[in-house]
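Analysis of the macromolecular model
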Amino acid sequence: MRTRLLFALALLLGASPAWSADPSTLAERAASIERASTAPDGFRVVVGHLSRELGLGVDVLRAQRLRTSLDWGAIFIANRLAKESGRTFEDVVAEHRSGKPWEQIGRE
């Protein structure tokens, strides 16, 4: 089970930019990550993988989640968009909360 979860996360989180031409939307990717976090042992696996993928400590990710009330998938997408665009995590989250879809934020 754990191996399948790690494989699924690797496919979801791939090395491509967060707004690449991948057929799935960023919202669908975020939802998939959140679903994976609810699997047995999923929370630990997902948060650990996000930490390594984003280069952020688990404590930073947990604080972001508490501060924003975003799910793990949205935390990942917001951090990737921030990192790849040079904007702050807070700016990306604010744009998304103003109604902009993740893809629009990425294009801008």
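**Quick word on the nonpolar core**
Judged by nonpolar contacts, the single largest core of 23 residues is most densely connected at Leu50, Trp72, Ile77, Val92 and Trp102. Within the residue set of this core, elements represented by two or more residues are helix H2 (26-37), helix H3 (42-54), helix H5 (72-85), helix H6 (89-97) and helix H7 (102-107). Broken down by element, this core gets its largest block of residues, eight residues, from H5.

**Digging into the pattern of salt bridges**
A complete count under the given rule lists eight salt bridges for this structure. As a salt-bridge pair, Glu34 and Arg65 come within 4.0 Å of each other at their nearest N and O atoms. On the criterion of sequence distance, the pair formed by Glu34 in helix H2 and Arg65 in helix H4 (residues 58-68) is long-range, its members being 31 residues apart. Note on Arg65: relative accessible area 27%, which makes it partly exposed. As a salt-bridge pair, Arg87 and Glu95 come within 2.6 Å of each other at their nearest N and O atoms. In this structure Arg87 comes out as partly exposed when scored by relative accessible area, which is 23%. Here Glu95 falls in the buried class, since its relative accessible area comes to 16%. Taken together, the salt bridges that share partners define one network made up of Arg87, Glu95, Lys100 and Glu108.

About the cut-offs
Residues numbered from 1 in each chain as written. Predicted model: local features only at pLDDT ≥ 70, side-chain atom pairs only at ≥ 80, totals over all residues. Heavy atoms only, no water. Core = buried A, V, L, I, M, F, W, Y, C linked by side-chain atoms within 4.5 Å. Buried < 20%, exposed > 50% of the residue type's maximum accessible area, 1.4 Å probe, protein only. Helix = DSSP H or I, 4+ residues; strand = E, 2+ residues; numbered from the N terminus. Salt bridge = Lys/Arg side-chain N within 4 Å of Asp/Glu carboxyl O.

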